[in-house]
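Architecture and fold: a report
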Amino acid sequence: SYTDDEGQEQSFSTSTVEKNNLYDVGIKSDWVWTMQNQLKLKYGVFASRQHINYDYVQNDTSHLINQHNTALLGGLFAELEYDPTNTLHLQPGIRMTQYGPTGRFYAEPRFSASYVLNDNYTLKFATGQFYQFMNEVTRDDIADGNRQFWVLSNNSSIPVGRSRHLMGGISY
C-alpha cells in the first residue's frame, strides 16, 4: 500500500491465478487370436479425446495466457507373442496413431524378448519408439519461481515429442 498525493492510503495487488486442467477420455478394444500353443496375435483399436485448459490471470483482469485446446487421436495396434522354445519369448509389435492437430500418422514399432537362463534368472530386452502428444512446458517466472503447465502438440510451436527406448536386464 501507499499514500497518494491527497493523503489517502491506496493498496494494490499483484496476485496471479493459474489453472491448468488436462482431460483425456478414451476407448480401447483389444482381442487375442491364439493360432498355436506357442503363437498368439494380439490386436485392437483405440480412440481418445484430449482437452487442455490453461489460464494465467494477473490481478483478476489481465489474461496473460488463455489456451483451450482439443485433440482427437485414434489408431490400431498389433503384436505377436511367439514362444519358439520353453525358454525363449519374442514379442514384436506396432502401434499406428493418427493425431488430429497434425493430420499425420505416427508409427510406433516395439520389440521385446526374454530368455530363461535357469529357474532363478531371466534375461530381458525391449526396444521401441513412442510419441507424446501432451507436453509439459515451463513458464519462466523470476518473481514467483518457474511453473510447469501442460499443452497439446500443435504442429507448429509445440512439436510432437518422440523417444526411442532401449532396455535390458536380468530378473531374479
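Structure first, text after, so check above.
The structure reproduced in this document is the subject of the present report. Computed from a predicted model, the values in this text were never measured in an experiment.

1. Description of the overall build of the protein
- Secondary structure assignment for the protein yields 0 helices and 11 strands.
- The secondary structure elements of the protein, listed N-terminal to C-terminal, are β-β-β-β-β-β-β-β-β-β-β.
- Taking 172 residues into account, the globule formula puts the C-alpha radius of gyration at 16 Å, and the protein, at 25 Å, lies well above it.
- Along the longest, intermediate and shortest principal axes, the C-alpha atoms of the protein span 90 × 35 × 25 Å.
- Here the analysis covers contacts within the protein between residues at least 6 apart in sequence; of these, 49% occur between residues at least 24 apart.
- Only carbon and sulfur atoms are counted for the fraction: they give 50% of the accessible area of the protein, which is about 11700 Å².
- Each charge class in the protein was averaged separately, 13 positive and 18 negative side chains, and the resulting centres sit 17 Å apart.

2. Focus on a nonpolar patch on the surface
- Together, W31, W33, M35, Y43, V45 and L76 make up an exposed nonpolar region whose accessible area comes to about 580 Å².
- Within the residue set of the nonpolar patch, elements represented by two or more residues are β3 (16-36) and β4 (39-58).
- Per element, the largest residue contribution to the nonpolar patch is 3 residues, and it comes from β3.
- Mapped onto the elements, M35 comes out in strand β3.

The rules behind the values
- Residue numbering note: each chain is counted from 1, following its sequence as written.
- Predicted model: local features are reported for residues with pLDDT of at least 70 only, side-chain atom pairs are reported and counted for 80 or more only, and whole-chain, interface and lining totals are derived from all residues.
- The side-chain figures draw on all heavy atoms in the structure; neither hydrogens nor water molecules are used.
- A run of H or I in DSSP becomes a helix once it reaches four residues, and a run of E becomes a strand once it reaches two; helices and strands are each numbered from the N terminus.
- The globule rule is 2.2 Å times the number of residues to the power 0.38, and the radius of gyration it is compared with is taken over C-alpha atoms.
- A contact between two residues is defined here by any heavy atoms of the two lying within 4.5 Å.
- Working definition of accessibility: Shrake-Rupley area with a 1.4 Å probe, residue cover restricted to the visible protein chains.
- By the counting rule applied here, Lys and Arg register as positive and Asp and Glu as negative, while His and the ends of each chain are not counted.
- By convention, charge coordinates are those of NZ in Lys, CZ in Arg, CG in Asp, or CD in Glu.
- Here a patch means residues that are over 30% exposed by relative accessible area and free of salt bridges, tied together within 9 Å if like-charged and within 5 Å if nonpolar (Val, Leu, Ile, Met, Phe, Trp, Tyr).
- Each reported salt bridge corresponds to a side-chain nitrogen of Lys or Arg within 4 Å of a carboxyl oxygen of Asp or Glu.

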